[in-house]
Amino acid sequence: MIELSVVVPMYNEKDNIARLHMAITHALAHRVESYEIILVDDGSTDGSAEQLDQLALADPNVRIVHFLRNCGQSAAIASGLKAAEGRLIALMDGDLQTYPEDIFDLMPYMADYDFANGTRVRRQDNLVRKVSSKVGNGIRNWITGDRIKDTGCPMKLFKREVAGSFTLYTGFHRFLPTLARMNGFRVIEVPVRHRERVAGTSKYGVFNRAFVGLMDAIVIGWMRRRSFHYQVREE
Ligand code: UDP
Ligand code: MG
């Protein structure tokens, strides 16, 4: 079995592809027994598709999933998780705002936990972003009844059973730690580094981040309150 799958949703990230591949490869080489990098092209229109295919030809550790059209980050993540064969699965964004080496800061927690969610320390985004994220996390936790500091942190590591427990809908990528906990898994938050986007542009504005997520939080909160964990008596 493959030790680690790194799953990355990619939408129009042409200028990040080479750097991303190099950073992940450099981080993982000689540190894990076997790995795969699953890059999900979420219907890019900037020429990413061809570049990704070339990468897969050159590196047998790379696998590409191409969407016919843009379906959103949650869909891209869902298909990446489905394709992943690793015992552990790391999630990160394609813009390298987090550092692939930090996967190894999360890894030791897999002994006692099933899901390690990064928290961005010294977050390198503009003030509007940081404030709206803080408010967003507060409101989400209030609605969902959870207590996750940085649910949107792109860097996450979890066991494949956790991935198998997810039923994702659009927008749910913002609630993965809450969903994991709801499904009975042990979740911990671990600080990771963060930096500015080097190339390309963000796919979200303040509005479609904070307010669209509100509706989703209500649904997640409902699911959490309605989730059950029964135990069957052994006969
Ligand atoms: N992404 C995607 N599909 C989308 C929007 C975004 O696959 O419809 C990817 C994007 O390419 C990036 C990650 O999801 O790898 C996070 O997006 P972005 O960096 O724009 O979000 P931000 O960091 O600004 O919150
Ligand atoms: Mg980003």
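Here the structure is shown first, and the text comes after it.
Everything in this summary refers to the structure shown in the same document. Every chain's residues receive numbers from 1 upward, in the order its sequence appears when written. Following the order in which they are written, the chains are lettered starting with A and the ligands numbered starting with 1. Only residues with pLDDT of 70 or above have their local features reported here, since the model is predicted, and side-chain atom pairs are shown and tallied only from 80 upward, although totals for entire chains, interfaces and linings are computed over all residues. Hydrogens and water are ignored here; the side-chain numbers use all heavy atoms of the structure.

**Topic: the overall build of the protein**
Link 1 in the chain: Broken down by element type, the protein carries eight helices and seven strands.
Link 2 in the chain: Computation of the radius of gyration draws on C-alpha atoms alone. For the globule rule, the value is 2.2 Å times the number of residues to the power 0.38. A compact globule built from 235 residues would reach a C-alpha radius of gyration of about 18 Å, and the protein, at 17 Å, matches this within 12%.
Link 3 in the chain: Projected onto its principal axes, the C-alpha positions of the protein cover 50 × 50 × 35 Å.
Link 4 in the chain: Between buried and exposed lies partly exposed: a residue is buried under 20% and exposed over 50% of the maximum accessible area for its type, with that area taken using a 1.4 Å probe on protein chains only. The proportion of buried residues among the 235 residues of the protein is 52%.
Link 5 in the chain: For this analysis, residues touch if any pair of their heavy atoms sits within 4.5 Å. In the protein, 84% of the contacts between residues at least 6 apart in sequence involve partners at least 24 apart.
Link 6 in the chain: For the protein, the accessible area works out to roughly 12,200 Å², and carbon and sulfur atoms hold 55% of it.
Link 7 in the chain: Under the convention used here, Asp and Glu are negative, Lys and Arg are positive, and both His and the chain ends fall outside the count. Here the site of a charge means NZ on Lys, CZ on Arg, CG on Asp, or CD on Glu. One way to put it: in the protein the 31 positive side-chain charges average out to a point 7 Å from where the 28 negative ones average out. Per the convention used, a helix needs a DSSP run of H or I reaching at least four residues, while a strand needs a run of E reaching at least two, with both numbered from the N terminus. Per-residue and other accessible areas follow the Shrake-Rupley method at a 1.4 Å probe size, with only the shown protein chains counted as cover for residues.

**Comments concerning the layout of surface pockets**
Link 1 in the chain: Think of a 1 Å grid over the protein atoms and nothing else: a 1.4 Å probe that fits but is trapped marks a cavity, an open set flanked by protein within 12 Å on at least five of seven lines marks a pocket, and residues with an atom within 4 Å of a point count as lining. Grid points are joined across faces, edges and corners, and a volume is the space filled by probe spheres set on the points. In this structure, the second largest pocket spans a volume of roughly 280 Å³.
Link 2 in the chain: Lining the second largest pocket are Thr119, Arg120, Arg123, Lys130, Ser133, Lys134, Asn137, Lys149 and Asp150.
Link 3 in the chain: Those elements that provide at least two residues to the lining of the second largest pocket are β5 (115–120) and α5 (127–144).
Link 4 in the chain: Top contributing element to the lining of the second largest pocket by residue count: α5, with four residues.
Link 5 in the chain: Its residues assigned to classes, the lining of the second largest pocket comprises no nonpolar, three polar and six charged. Three categories are distinguished: nonpolar for Ala, Val, Leu, Ile, Met, Phe, Trp, Tyr, Cys and Pro, charged for Asp, Glu, Lys and Arg, and polar for the others, with Gly belonging to the last.

**A closer look at the site of ligand 1**
Link 1 in the chain: A single heavy atom is enough: if one lies within 4 Å of a molecule or strand, its residue is considered near that molecule or strand. Taken together, the neighbourhood of ligand 1 is formed by 18 residues, with Glu13, Asp42, Arg129, Ser202 and Lys203 sitting nearest.
Link 2 in the chain: For this analysis, a polar contact is any N or O atom pair within 3.5 Å, provided that within protein one partner can donate a hydrogen and the other can accept it, and provided that sequence-adjacent residues contribute only side-chain to side-chain pairs. Residue Gly94 places a main-chain N or O atom 2.8 Å away from an oxygen atom belonging to ligand 1.
Link 3 in the chain: Side-chain polar atom of Asp95 to an oxygen atom of ligand 1: 2.7 Å apart, as the coordinates give it.
Link 4 in the chain: For ligand 1, whose free accessible area comes to 530 Å², the fraction covered by protein is 93%.
Link 5 in the chain: Of the residues that constitute the shell around ligand 1, the class distribution is four nonpolar, six polar and eight charged.

**What about the coordination of the magnesium ion (ligand 2)?**
Link 1 in the chain: The protein atoms that coordinate the magnesium ion (ligand 2) are Asp95 (OD) and Gln97 (OE1), at distances of 1.9 to 2.3 Å. The pair Asp95 / Gln97 is uniform in exposure class, with both members buried. Donor criterion used throughout: N, O or S atom within 2.8 Å of the metal, extended to 3.2 Å for Na, K and Ca. Water excluded; incomplete-looking sites may result.

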